[in-house]
Each structure stands twice: as C-alpha cells, then as structure tokens.
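Fold and contact review
Listed here are the chains, written in short residue letters.
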Amino acid sequence: MKKVFIKDLLGLKGRKVVIHGWIHKVRVLGKLAFIVLRDSSGLVQIVVKGRQDLLQKARRLNMEDVVEVSGLVVESESKISPVEVLADELTVLNRATEVLPLDVTGAVGAELGTRLRYRVVDLKRPENLAVFKIQAELIDAFRRYLRSRGFIEIYTPKIVAMSTEGGAELFEVQYFERKAYLAQSPQIYKQLAVIAGFERVFEVGPVFRAEKHSTTRHLNEYVSLDLEMGFISDEHDLMDLEEGLVRFMFKSVEENCRREIKLLNVTIPDFDKIPRLKFPEAKEILSEYFNLREYEHAEDLDQRGEELICQYVQEMHEIPLAFVDLFPLSSRPFYTMPYDETYGRSFDLLFRGLEVSTGGQRIHNYDLLIRRMREKGLNPENFKYYLEAFRYGAPPHGGFALGAERLTMKLVGLKNIREASLFPRDRFRVEP
RNA sequence: GAACCGGUAGUUUAGCCCGGUUAGAAUGGGCGGCUGUCACCCGCCAGGCCCGGGUUCAAAUCCCGGCCGGGGCGCCA
C-alpha cells in the first residue's frame, strides 16, 4: 500500500493508502466517527464507520496523538477537502499524554507569551507552518535569483574579533584564551570575498545584535540575506538588482505558496519599479507634506518617519515599497561611499512602513577609507586585516542585506517579528 | 537602562472602578449518550483568583514591593 502525504490524496480516489500524522480533531457520533488528521502537507478527514474495534480506538484518541491510518480514498462532502479516507486500520504510534497548553485548532487562541513558551505546540498550528513555508520560499528564491546572476554562495565566520559597524552592541564569547564576538553582520567578509575576486557573493545566515531593545520589530538573532557585488557604477545598480530580486521573491511566493497565501490572507504586492527618494526629499515630505517640522534637521529616519514615507509612496504610487537613498554620512557606517560632503551612497528599502533592507556603495579607495574611519573616531589599527585587502586590488563594489524575518513579517502581515522566527531570541528569551 | 498596560481553571475570558452569595463562561480533559459530522450536539464530573506584605470585621477586588508577560522609548537593522 502506498504511503502518501495528505495533499497527494486528491489524485488517489479509489485507491488504498497509508497516511500518518497528528490527530487534529475527533468527532464521535455514536457508531460513526470523524477524525481530522494533520500532516505537514495539510488536513484530511478520516471516517470510521461500521467497525466496532476502530470505533473503540477512535473514542480513546486525544488531540495530537500520532497515528498511522490505512484505508480507501473516497469522495468527501467535508469542508476540509474533496476526499476523505475510509479507515480500515488505525494504529497509534505515540500518545500525547499531557493536556495541550494551547489550542492547535485555533478555536480559542493564546497570547504570544504563552505561544512562545510552548512554541512547539504553537508551531503545530497550520497558520504557523504556512508562515515558515513562505519564509523558506522567500529564501530559496533569493538563492535562485542570485545564482542565476553569477553570485556565489559563501559562509563567513560568525565568531569574529572586531565590530564591523562600531555601532551595535556585540555579544562577547570566550574564544580559548582571548575574547571574541558573535558577528553582527557578514559585512567585512563579504567585501573581502568580492575583493578577492569572487565578484558577486551572497550569504544566508544568522547575525547577532546585543541591543537591549524590546519591540515588535527587533530580534537579537536574526537571519540576514546578504549580498555584495563588484564593478558597480553606483548604488543605483544595487537598487536595480534589489528591485528585481524582491519582485522575483514575491512572485515565487505567489506561484509556489498558493495554499499558504489563502490560509493567511496574504496580499502580494504587485509592482514593476520601486519609487526612489533621496533622503532630503524624504525629509521634505515629512516636514512639508505631513507638516512635521521636527524632521527639518533630521539626520536619519525614525520609525514614524519610515511609516509616513511608506504611506506617502502608497498614496502617490500605490506601491507599498520605497527606496530612500543618500542618507547623511553621519548616520551611516564608515565604509559608506560618500556622495558629497554630507551625504552617502547608502539606501534603505522600506516595506509597509518598516525598513527591511539597508545597502549602498562601499569605499574601495584605501586612503579614503582610512580618512572616513578617523572621521568616525575609529582606529584603523583595529581593522588592519580588512584594510590591507584594499591595497591588493579592490574593485568598486557595494551590496545590501535583507532581514528575512522582517520581510516575512511584512509580507505575511504579522504584528510581531517573533512570529516570523521559529524560536525567537529577544531581550528576555533564550529558550526554547 | 528609567516611565505605561496587564496577570482569574491547561488555554482564552467575565467579575475588579463601587471590597461582602457557592468566582461565571467558552475551549480543552474525564465519564455517558448519539450513523454524515465539520467550532457536531446533549447530560454529568474534575479544574482557577501570580507571589509576599499592608489596609479592613471582611480582599480576586484597595495600597506597596517582587516576579512574569505585553506594548512602547532610547539605541539599533
């Protein structure tokens, strides 16, 4: 007999099959029982009828018991799926012995704190599986798009000796007899790979931020979708790339996650070009259009500013994404390529009111790099392994990084970034 | 790191303002009934006021502290 996924049952009407999964729900009606079985691919109704022994078993089933069922695939009147399985064998592989800490069927609901405490049970809910299938699709599409354009996937160290940006706090680790840190970004290493001659590289991996923030959009460990590319003319090459990349990622989700989109009621943005604003324009929109004078002398966008800029672009262009380019050098890292005395070739990508990506052209000139470091109050001595690379032939280059959880969160419409992380790490949560 | 909101059965929630019945419900759990249910239905049972202190004749209810959770700020992406 064929062992199949629940989703494949549709084409197997009239066949005998074996399926397995978790008991999602049991309804016993006297001498007839309906069992909703769940596996990673979906839900299906099992019917127990005319079999006293199976009926006895069905009565004893608890939610989340793990079972194997064999039976005939027949047409179904059920609301769950067009086919159901008429059971002729039901084996309990393992019992769920405890009362469940939250409702997997979603009838009752639970607070986020409870859900994260019992994350494994929470993740049983089909809505959660759908979130992570969409996330997996986004990341897979990221890889496919870049590989097709000559990018090489790399793996950079997560244990590092130095801060990259000098800004965010670092987690310290004991590295034998010396101190080291968890990488807050693959920045330096992806640049070095490009400079070495890889030209175009990308990496999907964790980054660590020791900031004591506690908001719906920050994590202390998150997945960064990073890329870096050589021989660009300026940051517009990168925005062109990111525009096509994000369009492709969204399109992939649209095509390959139809059931998940429906289940979560996801709206996939449809766009060709992403509007590009310059930072001074963004500031003007905030202070003039929205009449918020406090932004007149802003050197960066805050959360509200990002939300309003997105709102503005949505109103003007009906696109939920926006690039903001030419941020002040004062608010950007030392390696940012200057545009003029004040501004740098550095941009953010905003999506539905949240910054989901930051990038820009990097400095490839050794002397300029040293100068910018000093201006930022950094000691070039601490970056000598990075700096020396720029003397061995460094092409013009740049890159950007997308936050996987932020992108997932905004695409799916989650209110809290923790929901877009399998086992989130935040200020007060290191387990499960 | 300082200020805001909250904590009542496993879960979600009513009661709290205005102190005083046996703390009510849904869902989940147990038992029984029911042959086409789909949030199945019906009956019965078990299960709870976060911890400590204070005020009071009396505290789930008012006050203080702690712990936990949520949300937001600064900072950060």
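Residues numbered from 1 in each chain as written. Chains lettered and ligands numbered in written order. Predicted model: local features only at pLDDT ≥ 70, side-chain atom pairs only at ≥ 80, totals over all residues. Heavy atoms only, no water.

Quick word on the side chain of aspartate 325
Note the following rule: A helix here means a DSSP run of H or I that spans at least four residues, while a strand means a run of E at least two residues long, and both kinds are numbered starting from the N terminus. Exposure classes here rest on a 1.4 Å probe applied to the protein chains alone. A residue is buried below 20% of its type maximum, exposed above 50%, and partly exposed in between. Asp and Glu are treated as the negative residues and Lys and Arg as the positive ones, with His and the ends of the chain left uncounted. Whenever a carboxyl oxygen of Asp or Glu lies within 4 Å of a side-chain nitrogen of Lys or Arg, that contact is scored as a salt bridge. The contact criterion used is simple: two residues touch if any of their non-hydrogen atoms lie within 4.5 Å.
Secondary-structure assignment places aspartate 325 in strand S14 (residues 321-325). One buried charge, aspartate 325, has no salt-bridge partner; the nearest side chain with opposite charge is arginine 345, at 6.0 Å. Among residues more than four places away in sequence, those in contact with aspartate 325 are Glu235, His236, Met239, Leu277, Lys278, Phe279, Arg345, Ser346 and Phe347.

A look at the domain arrangement of chain A
Threshold: What marks off one domain from the next here is an automatic or database domain assignment. Defined here as a combined quantity, buried area equals the accessible surface (1.4 Å probe) lost by two parts on assembly, summed across both. What qualifies as a polar contact is a pair of N or O atoms within 3.5 Å, subject to a donor-acceptor requirement within protein and to the restriction that residues adjacent in sequence count only when both atoms come from side chains.
Taken domain by domain, chain A consists of domain 1 (2-94) and domain 2 (126-420). Taken residue by residue, the interface counts five residues in domain 1 and four residues in domain 2. Each partner contributes to the roughly 280 Å² buried at the junction of domain 1 and domain 2, and carbon and sulfur atoms together form 55% of this total. Linking domain 1 with domain 2 are zero salt bridges. Remark: the boundary between domain 1 and domain 2 carries two residue pairs in polar contact (both at pLDDT 80 or more).

So, the pairing of strand S17 (residues 397-403)
Put simply, the test is: At least two bridges found by DSSP between two strands are what make those strands a pair.
In terms of burial, S17 is largely enclosed, as six of its seven residues are buried. For strand S12 (residues 221-230) and S17, the ladder comprises seven bridges, and the chain directions are antiparallel. Residue pairing across strands places leucine 225 opposite leucine 402, the latter belonging to S17.

A word on the protein's contact with RNA strand B
What counts here: Only a single heavy atom is needed: when it lies within 4 Å of a molecule or strand, its residue is near that molecule or strand.
The environment of RNA strand B is made up of 43 residues, and the closest members are Arg27, Lys49, His218, Leu219 and Glu355. Backbone atoms, meaning sugar and phosphate, form 54% of the atoms of RNA strand B found within 4 Å of the protein. With respect to RNA strand B, the backbone of lysine 31 contributes an N or O atom lying 3.1 Å from a phosphate oxygen. Side-chain polar atom of arginine 429 to a phosphate oxygen of RNA strand B: 2.9 Å apart, as the coordinates give it. At the level of secondary structure, the elements contributing two or more residues to the surface near RNA strand B comprise strand S2 (16-29), strand S3 (32-39), strand S4 (42-49), helix H2 (112-117) and strand S16 (354-362). Looking at the surface near RNA strand B, the element that brings in the most residues is S2, giving four residues.

Details of the sheet that holds strand S7 (residues 152-153)
Applied cut-off: Each axis is a line fitted through C-alpha atoms, taken for helices only over the stretch in contact, and angles between the N-to-C directions span 0 to 180 degrees.
Spatially, the eight strands line up as an open sheet ordered S7-S11-S12-S17-S16-S15-S14-S13, and their pairing is mixed. If you trace the sheet from one side to the other, it starts and ends with S7 and strand S13 (276-278), each paired once. Contacting S7, strand S11 (200-208), S12 and S17, helix H4 (residues 126-147) runs over the sheet at an angle of about 155 degrees to S11. Along the sheet, helix H8 (residues 279-289) makes contact with S13 and S14, crossing S13 at roughly 85 degrees.

Quick look at the packing of aromatic side chains
Cut-off, in case you're wondering: Under the pairing criterion, centres of Phe, Tyr and Trp rings, with the six-membered ring standing for Trp, must be within 6.5 Å; the plane angle then separates stacked pairs below 30 degrees from edge-to-face pairs above 60, leaving the rest tilted. Definition used: whenever NZ (Lys) or CZ (Arg) falls within 6 Å of the ring centre and also within 35 degrees of the ring normal, the charge is taken to sit over that ring.
Enumeration over the complete set of coordinates arrives at 14 aromatic pairs. When the centroid spacing of 6.1 Å and the interplanar angle of 85 degrees are considered together, the rings of phenylalanine 334 and tyrosine 386 count as edge-to-face. A residue pair is termed long-range when its members are at least 10 positions apart, and phenylalanine 334 in the loop between S14 and strand S15 (346-351) and tyrosine 386 in helix H11 (residues 384-387) qualify at 52 residues. Neither phenylalanine 334 nor tyrosine 386 differs from the other in exposure class; each is buried. Of the aromatic side chains, those joined through ring pairs into one cluster are Phe334, Tyr335, Phe383, Tyr386 and Phe390. Over the ring of tyrosine 366 we find arginine 391; its NZ or CZ atom is 4.1 Å from the centre of that ring.

Quick word on a nonpolar patch on the surface
Applied cut-off: Patch membership requires over 30% relative accessible area and the absence of a salt bridge. Like charges are linked within 9 Å, and nonpolar side chains (Val, Leu, Ile, Met, Phe, Trp, Tyr) within 5 Å. For the area figures, the Shrake-Rupley method with a 1.4 Å probe applies, and any residue is considered shielded solely by the protein chains shown.
On the surface, a nonpolar cluster with roughly 260 Å² of combined accessible area is contributed by Val120, Leu422 and Phe423. With respect to the helices and strands, phenylalanine 423 occurs in the segment after helix H12 (404-412). Judged by its relative accessible area of 33%, phenylalanine 423 is partly exposed.

Points about helix H10 (residues 366-375)
Of the residues making up H10, those classed as buried are Tyr366, Leu368, Leu369, Ile370, Arg372 and Met373. Of the surrounding elements, those touching the buried residues of H10 are H11. If you check the start of H10, you find a side-chain oxygen 3.0 Å away from the backbone N of aspartate 367, and it comes from asparagine 365. Of the residues trailing H10, glycine 377 is marked for its positive phi of about 80 degrees.

So, the pattern of salt bridges
For the structure shown, the criterion picks out 35 salt bridges. As a salt-bridge pair, arginine 293 and glutamate 296 come within 3.4 Å of each other at their nearest N and O atoms. Here arginine 371 makes a salt bridge to glutamate 375, at a shortest N to O gap of 3.4 Å. Remark: glutamate 375 and arginine 371 occur in helix H10; sequence separation between them is four residues, near one turn of the helix.

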